[in-house]
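Now for the letters of each chain:
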Amino acid sequence: MADPSDLDVAYVAKLARLNLTGEETCLFQKQLSDVLKYAAKLREVDVSRVEAAAHAIPVFNVFREDEPRDWFTAEQALSNAPHKANNLFIVTKVVE
Amino acid sequence: MSRPALPALNIADLQSLLRRREVSPREVLDALQARIEDIDPKVEAYLSIDFEAAAREAEKVDVDLPLGGVPIAIKDIINVAGQPCTCASKILRNYRAPYDATVIRKLRAAGAIPFGKTNMDEFAMGSSTENSSVKLTRNPWDLSRVPGGSSGGSAAAVAADAAFGGLGTDTGGSIRQPAALSGIVGVKPTYGRVSRFGVVAFASSLDQVGPLTKTVRDAALIMTAIAGHDPQDSTSLNEPVPDYVAMLNSNGNLKGVRLGLPKEYMVEGIDPQVKAAVDAAVKQLQSLGAEIIDVSLPHTDYGIAVYYFLATAEASANLARFDGVRYGHRAENPKDLLDHYGRTREEGFGAEVKRRIILGTYVLSSGYYDAYYLRAQKVRELIRQDFAKAFEKADAIVSPTSPVPAFKLGERTADPLQMYLADIFTNTGNLAGICGISVLCGFAKSASRTDSSRGEIDNKQLPIGLQLLGKALDEARILQIAHAYEQSTDWHKARPPLAKIEN
């Protein structure tokens, strides 16, 4: 099983698209290592015959008709945009 | 007039005054506004209030509806059209909800007026409301202590008579634990009982919306209004909603009710005053006719570990949407797209949210998914089976809500793991998807060493919560039991010294 010391906070932060300061990286490395050590107790449990499931009352296959309906206007959808113009979201350049 | 001041009333009493036209919705709103202006500078429960919009609604509301004319405080994670919805996060500081969450639509249909948004731990991540990026909310029973969390703003507002009732969300205990620490009633409905549409997602397989109120009857009133199927939430259950209020009346008799006492819940570290109060509550339930039986929930000890892997994994996925493109904070002058994402999220999220995104991303990452996430999901199934077995013998399970009464502001912020342990009795209920309620069952006397060494007597009363867990969709039962218990005691009549209202 994975070892708590495997955690590399700086690398995971890159995966999560989340910049951290050097200080935060060090602090989280220690705090989350503590959490992982605490959680190592899960290794004691025999889960060989257990199927992962979640809910007390499982719900399967929820479908609806694929029909258009009234929802947001463009104006509403853009109402919280940090940057917009011509009824569009303005985003940071994606392609060089 | 010998009637208590309006803000001191519970919802049921207030609504009957409204229905009899003895007060108008506008008078109620004005009295509440005066109360909030008087007391909220001390408690700091609210993040935003729109009295003008509320007054417009008060003019046209139908007071004959079940919640007609009753103002309700809303946790700032639930979208109320036209009002801010910040999740107490910098990343949503300027966000205004363009639509109503389903629970808000249902509250309005029942005549309630959602007038203000309450403080919380950022994105509901925390157990003390100290993770708010805006301000600290204080416990009305002792302003140096936390109100619990993450729905601490709604809990403190109700406890301080600065709200008649409130909505919160509960992912690992975030309604029940602040209700316990603030001395009120809080209900975590069965997963799927209440729609999550329009509620900002933290951990989608665990989150539920529920009421925080002064009495069990009030909780039943709100539950009846907000529960039910919603085609816009594919996880909501298509089951009929009973009239929870009509089902309360059992003449206080609990004969034939079997209450399970899990031996695993009498753990070390539980405050002796909490234990004594819960023991006394169990005796009281017995004297009302309930039969107490021993049950076992053998996987209880794994609950926190399972919870923190699953909740953070789901959170890391849910919070990926905060990328500064369509709404929320965006970093200035990014040099490229990675810089845009990295800095937007660095600047927008607080420490606890960042910590959980890291843990959640890690447990889902290649090479660790099976060891952490999948294993946790399997242990979750064992926890669910524990409850299923216990409910073969018992109609409900009794425990403390929180192992300790309200702690001091700042006391636990340095050690996230200690803070996580605050949810030890509540989060297995979320993992199993069942329902739970917390009701006031006594008080602890606070006497901290620093106070006595200075020769000061700090004998504040700190509320203690009793938790009842019920089977999936058995809200009516736990409400009945809690109501019978509440009506047989005077605890619910106690108000914080701060809350005294001069007539």
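Here's a quick rundown of the structure.

### With respect to the pattern of salt bridges
Residues and elements named next belong to chain B.
Here is step 1 of the chain: The full count for this structure, using the stated rule, is 26 salt bridges over all chains.
Here is step 2 of the chain: As a salt-bridge pair, Arg196 and Asp233 come within 3.7 Å of each other at their nearest N and O atoms. Within this pair, whereas Arg196 is found in the loop between β5 (185–188) and β6 (208–213), its partner Asp233 is found in the loop between α7 (216–226) and β7 (258–262), the two being separated by 37 residues in sequence.
Here is step 3 of the chain: A single network of salt bridges, built from pairs that share partners, joins Arg258, Asp395, Asp474 and Arg477.

### A few points about the pairing of strand β11 (residues 461–470) of chain B
Residues and elements named next belong to chain B.
Here is step 1 of the chain: Counting buried residues along β11, 9 of its 10 residues qualify, which places the element largely inside the surrounding structure.
Here is step 2 of the chain: Direction of pairing for strand β9 (residues 396–400) relative to β11: antiparallel, over a ladder of 5 bridges. By the bridge assignment for β11, Pro400 is matched with Leu466.
Here is step 3 of the chain: Relative to β11, strand β10 (residues 435–445) runs antiparallel, the two being bridged by 10 bridges.

### Things to note about the interface of chain A and chain B
Here is step 1 of the chain: Listed as interface residues are 57 residues of chain A and, on the opposing side, 67 residues of chain B.
Here is step 2 of the chain: Between chain A and chain B, roughly 5,400 Å² of surface is buried when both sides are summed, and carbon and sulfur atoms account for 70% of that area.
Here is step 3 of the chain: Summed over the shared surface of chain A and chain B, the result is 2 salt bridges.
Here is step 4 of the chain: In this structure, Lys354 of chain B engages Glu24 of chain A in a salt bridge whose closest nitrogen and oxygen atoms are separated by 3.0 Å.
Here is step 5 of the chain: Elements represented by at least two residues in the side of chain A that touches chain B include exactly α1 (9–15) and α2 (22–39) of chain A.
Here is step 6 of the chain: For the side of chain A that touches chain B, the leading source of residues is α2 of chain A, giving 9 residues.
Here is step 7 of the chain: Split into classes, the residues belonging to the side of chain A that touches chain B amount to 36 nonpolar, 9 polar and 12 charged.

### Quick notes on the layout of surface pockets
Residues and elements named next belong to chain B.
Here is step 1 of the chain: Considered as a void within the structure, the largest pocket measures approximately 640 Å³ in volume.
Here is step 2 of the chain: Forming the boundary of the largest pocket are 28 residues, of which Asn79, Tyr99, Gly198, Arg321 and Tyr327 lie nearest the centre.
Here is step 3 of the chain: Per-class residue counts for the lining of the largest pocket are 15 nonpolar, 9 polar and 4 charged.

### Some words on the side chain of Asn318 of chain B
All names here are of chain B.
Here is step 1 of the chain: Assignment of secondary structure puts Asn318 in helix α9 (residues 303–318).
Here is step 2 of the chain: Within the structure, Asn318 has its side chain in polar contact with the backbone oxygen of Phe202 (distance 3.0 Å).
Here is step 3 of the chain: Here the side chain of Asn318 touches Ser204 through a polar contact of 3.0 Å, side chain to side chain.
Here is step 4 of the chain: Among all residues touching Asn318, those that are not within four sequence positions of it are Ala201, Phe202, Ala203 and Ser204.

### Details of the packing of α2 of chain A against helix α11 (residues 351–364) of chain B
Here is step 1 of the chain: Two numbers describe how α2 of chain A lies on α11 of chain B: the axes approach to 11 Å, and their chain directions differ by 60 degrees. Judged by the inter-axis angle, α2 of chain A sits oblique to α11 of chain B. As α2 of chain A packs across α11 of chain B, the resulting crossing turns out to be right-handed. In this structure, α2 of chain A uses Glu24, Phe28, Gln31, Leu32, Val35 and Leu36 of chain A to contact α11 of chain B, whose residues at the interface are Ala351, Lys354, Arg355, Ile358, Leu359 and Tyr362 of chain B.
Here is step 2 of the chain: In terms of residue class, the contact of α2 of chain A with α11 of chain B is made up of 8 nonpolar, 1 polar and 3 charged.

### As for helix α2 (residues 25–43) of chain B
Residue and element names in this part refer to chain B.
Here is step 1 of the chain: At Glu37, α2 shows its largest kink, close to 35 degrees, and the proline Pro41 lies no more than four residues downstream.
Here is step 2 of the chain: Taken residue by residue, α2 has Pro25, Val28, Leu29, Leu32, Arg35, Ile36, Ile39, Asp40 and Val43 as its buried positions.
Here is step 3 of the chain: Residues of α2 that are buried make contact with α1 (11–19), β1 (46–49), α3 (51–60), β2 (71–75), β3 (113–118) and α5 (152–159).
Here is step 4 of the chain: Immediately downstream of α2, the backbone of Glu44 shows phi near 55 degrees, a positive value.

### Re the nonpolar core
Here is step 1 of the chain: In terms of nonpolar packing, the biggest core is built from 174 residues, with Ile78, Leu107, Phe123, Leu167 and Phe387 of chain B touching the most fellow members.
Here is step 2 of the chain: Ignoring any residue separated from it by four or fewer positions in sequence, one finds Phe123 of chain B in contact with Ile77, Cys87, Ser89, Ile91, Leu92, Val200, Phe202, Leu319, Phe322, Phe349 and Val353 of chain B.

### Examining the sheet that holds β11 of chain B
Residue and element names in this part refer to chain B.
Here is step 1 of the chain: With mixed pairing, 11 strands are arranged side by side in an open sheet as β1-β3-β2-β4-β6-β5-β10-β11-β9-β7-β8. The open sheet has two edge strands, β1 and β8 (291–295), and neither has a second partner. The sheet shows a mean angle of 30 degrees between the axes of neighbouring strands, taken without regard to direction.
Here is step 2 of the chain: With 6 bridges connecting them, strand β4 (residues 165–170) and β6 associate as antiparallel partners. Paired with Thr169 across the two strands is Val209, which belongs to β6.
Here is step 3 of the chain: On top of the sheet, α7 reaches β2, β4, β5, β6 and β10; it is set at about 145 degrees to β6, its chief contact.
Here is step 4 of the chain: In the packing of helix α8 (residues 272–287) onto the sheet, the strands contacted are β7, β8, β9, β10 and β11, and the crossing angle to β11 comes to about 50 degrees.

### Some remarks on the packing of aromatic side chains
Here is step 1 of the chain: As enumerated under the stated definition, the model contains 23 aromatic pairs over all chains in all.
Here is step 2 of the chain: Relative to Phe197 of chain B, the ring of Trp71 of chain A lies with its centre 6.1 Å away and its plane at 50 degrees, an arrangement referred to as tilted. Residue Trp71 of chain A is found in the loop between α2 and α3 (74–77), and its partner Phe197 of chain B is found in the loop between β5 and β6; the two belong to separate chains.
Here is step 3 of the chain: Each ring, one from Phe322 of chain B and one from Phe349 of chain B, has its centre 6.3 Å from the other, and the planes form 85 degrees; the classification is edge-to-face. Residue Phe322 of chain B is found in the loop between α9 and α10 (337–348), and its partner Phe349 of chain B is found in the loop between α10 and α11; the two are separated by 27 residues along the sequence. Pair check on accessibility: Phe322 of chain B and Phe349 of chain B agree, each one buried.
Here is step 4 of the chain: Through a chain of ring-to-ring contacts, the aromatic side chains of Tyr95, Phe123, Phe322, Tyr327 and Phe349 of chain B assemble into a single cluster.
Here is step 5 of the chain: If you follow Arg69 of chain A out to its NZ or CZ, it ends over the ring of Trp71 of chain A, 6.0 Å from the centre.
Here is step 6 of the chain: Of note, Arg412 of chain B hangs over the ring of Phe407 of chain B, and the distance from its end group to the ring centre comes to 4.6 Å.

Rules used in this analysis
- Residues numbered from 1 in each chain as written.
- Chains lettered and ligands numbered in written order.
- Predicted model: local features only at pLDDT ≥ 70, side-chain atom pairs only at ≥ 80, totals over all residues.
- Heavy atoms only, no water.
- Salt bridge = Lys/Arg side-chain N within 4 Å of Asp/Glu carboxyl O.
- Helix = DSSP H or I, 4+ residues; strand = E, 2+ residues; numbered from the N terminus.
- Buried < 20%, exposed > 50% of the residue type's maximum accessible area, 1.4 Å probe, protein only.
- Pairing = 2+ DSSP bridges.
- Contact = heavy atoms within 4.5 Å.
- Buried area = accessible area lost by both parts, 1.4 Å probe.
- Nonpolar A, V, L, I, M, F, W, Y, C, P; charged D, E, K, R; others polar.
- 1 Å grid on protein atoms, 1.4 Å probe; cavity = no way out; pocket = protein on both sides within 12 Å on 5 of 7 lines; lining within 4 Å.
- Points joined across faces, edges and corners; volume = space filled by probe spheres on them.
- Polar contact = N/O pair within 3.5 Å; in protein donor to acceptor, adjacent residues only side chain to side chain.
- Axes fitted to C-alpha atoms, helices over the stretch in contact; angles between N-to-C directions.
- Parallel < 35°, antiparallel > 145°, perpendicular 65-115°, else oblique.
- Left-handed = near helix turned anticlockwise from the far one by under 90°.
- Bend = angle between axes of the 7 residues up to and from the residue.
- Core = buried A, V, L, I, M, F, W, Y, C linked by side-chain atoms within 4.5 Å.
- Phe/Tyr/Trp six-rings, centres within 6.5 Å; stacked < 30°, edge-to-face > 60°.
- Lys NZ or Arg CZ within 6 Å of the ring centre and 35° of its normal.

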